[in-house]
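Here is how the chains run, residue by residue.
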Amino acid sequence: KAGVTQTPRYLIKTRGQQVTLSCSPISGHRSVSWYQQTPGQGLQFLFEYFSETQRNKGNFPGRFSGRQFSNSRSEMNVSTLELGDSALYLCASSLRQPNEKLFFGSGTQLSVL
Amino acid sequence: DQQVKQNSPSLSVQEGRISILNCDYTNSMFDYFLWYKKYPAEGPTFLISISSIKDKNEDGRFTVFLNKSAKHLSLHIVPSQPGDSAVYFCAARDTGTASKLTFGTGTRLQVTL
């Protein structure tokens, strides 16, 4: 069974631009959540999508948005990029069952110059 | 407000000895705890978990202990191996929040020969 696939692996953007990241969950998984990892901050929860609906949202500005398609694939968009948005963006999928672990992709490393 | 804390940014242990990684939390609503291991340029991989109704869970060389009264959990690795060198993240799930995990900032474990 293929794992969680994130594209692209690396991105370089400049301030003010926007970016879209893509995530394909494990087959059969309908929950996709997104996390931001920055040095010294651990992983911060961005949002979760299940059945094409946002179910949970973390404490990030409205510049961060996402969506989920009917095939459970998800995209995350960041508009008006800031230098502080440079981070590793991780996507995780699950069946959304109680006491279940999340499966993470390898992430997209975003650098904002 | 850091609800999950890993106060040791790094730990060095000799091969064959025990590694003990610690994690403290503040939110009494956390009912499920997980440990993830992360290598550079890869996504976190699940290691072991524990429900708040238990105080210990074992899986091979890995044991997680939970002390609810102290809001403290620890991960024991015995014996430690060079391949265990990675960053370890403690994570917690709030009751009813499904895929939203709150992560600590991680502990970098170095297992030396």
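Residues numbered from 1 in each chain as written. Chains lettered and ligands numbered in written order. Predicted model: local features only at pLDDT ≥ 70, side-chain atom pairs only at ≥ 80, totals over all residues. Heavy atoms only, no water.

Visitor: So what about the pairing of strand β11 (residues 107–112) of chain B? Which residues, and what values?
Guide: All names here are of chain B. Along β11, the buried face is formed by Thr107, Leu109 and Val111; none of Arg108, Gln110 and Thr112, which line the opposite face, is buried. Where strand β9 (residues 86–94) meets β11, three bridges bridge the pair, whose relative direction is antiparallel. Paired with valine 87 across the bridge in β11 is arginine 108. (Buried < 20%, exposed > 50% of the residue type's maximum accessible area, 1.4 Å probe, protein only. Helix = DSSP H or I, 4+ residues; strand = E, 2+ residues; numbered from the N terminus. Pairing = 2+ DSSP bridges.)

Visitor: Please set out the sheet that holds strand β3 (residues 19–25) of chain B residue by residue, giving values where relevant.
Guide: Residue and element names in this part refer to chain B. Taken in spatial order, the five strands of this open sheet run β1-β3-β8-β7-β6, and their pairing is antiparallel. Looking along the sheet, the strands with just one partner apiece sit at the ends: β1 (4–5) and β6 (56–59). In the sheet, β6 pairs with strand β7 (residues 62–67) via four bridges, with the strands oriented antiparallel. Of the residues in β7, the one forming a bridge with aspartate 59 is phenylalanine 62.

Visitor: Which residues make up the interface of chain B and chain A, and what values go with them?
Guide: Opposite the 20 residues of chain B that make contact, chain A presents 23 residues. Buried area between chain B and chain A, both sides added, is near 1700 Å², and the carbon and sulfur share of it is 56%. When the buried surface of chain B facing chain A is broken down by residue, Ser99, Lys100 and Phe103 of chain B rank first, second and third, together holding 28% of it. Across the chain B-chain A interface, the total number found is zero salt bridges. Those elements that provide at least two residues to the side of chain B that touches chain A are β4 (30–38), β5 (45–51), β9 and β10 (101–103) of chain B. The element best represented in the side of chain B that touches chain A is β4 of chain B, accounting for four residues. Within the side of chain B that touches chain A, the residues separate by chemical class into 10 nonpolar, six polar and four charged. (Contact = heavy atoms within 4.5 Å. Buried area = accessible area lost by both parts, 1.4 Å probe. Salt bridge = Lys/Arg side-chain N within 4 Å of Asp/Glu carboxyl O. Nonpolar A, V, L, I, M, F, W, Y, C, P; charged D, E, K, R; others polar.)

Visitor: So what's going on with the state of the cysteines? Residues and values would help.
Guide: Residue and element names in this part refer to chain A. Counted by the stated rule, this structure contains two disulfides over all chains. For cysteine 23, the disulfide goes to cysteine 91, at an S-S distance of 1.7 Å. On the sign convention where negative is left-handed, the bridge of cysteine 23 and cysteine 91, at about -55 degrees about the S-S bond, is left-handed. Within this pair, whereas cysteine 23 is found in strand β3 (residues 19–24), its partner cysteine 91 is found in strand β9 (residues 87–94), the two being separated by 68 residues in sequence. Of the residues examined, cysteine 23 reaches a relative accessible area of 0% and is grouped as buried. (Disulfide = S-S within 2.5 Å.)

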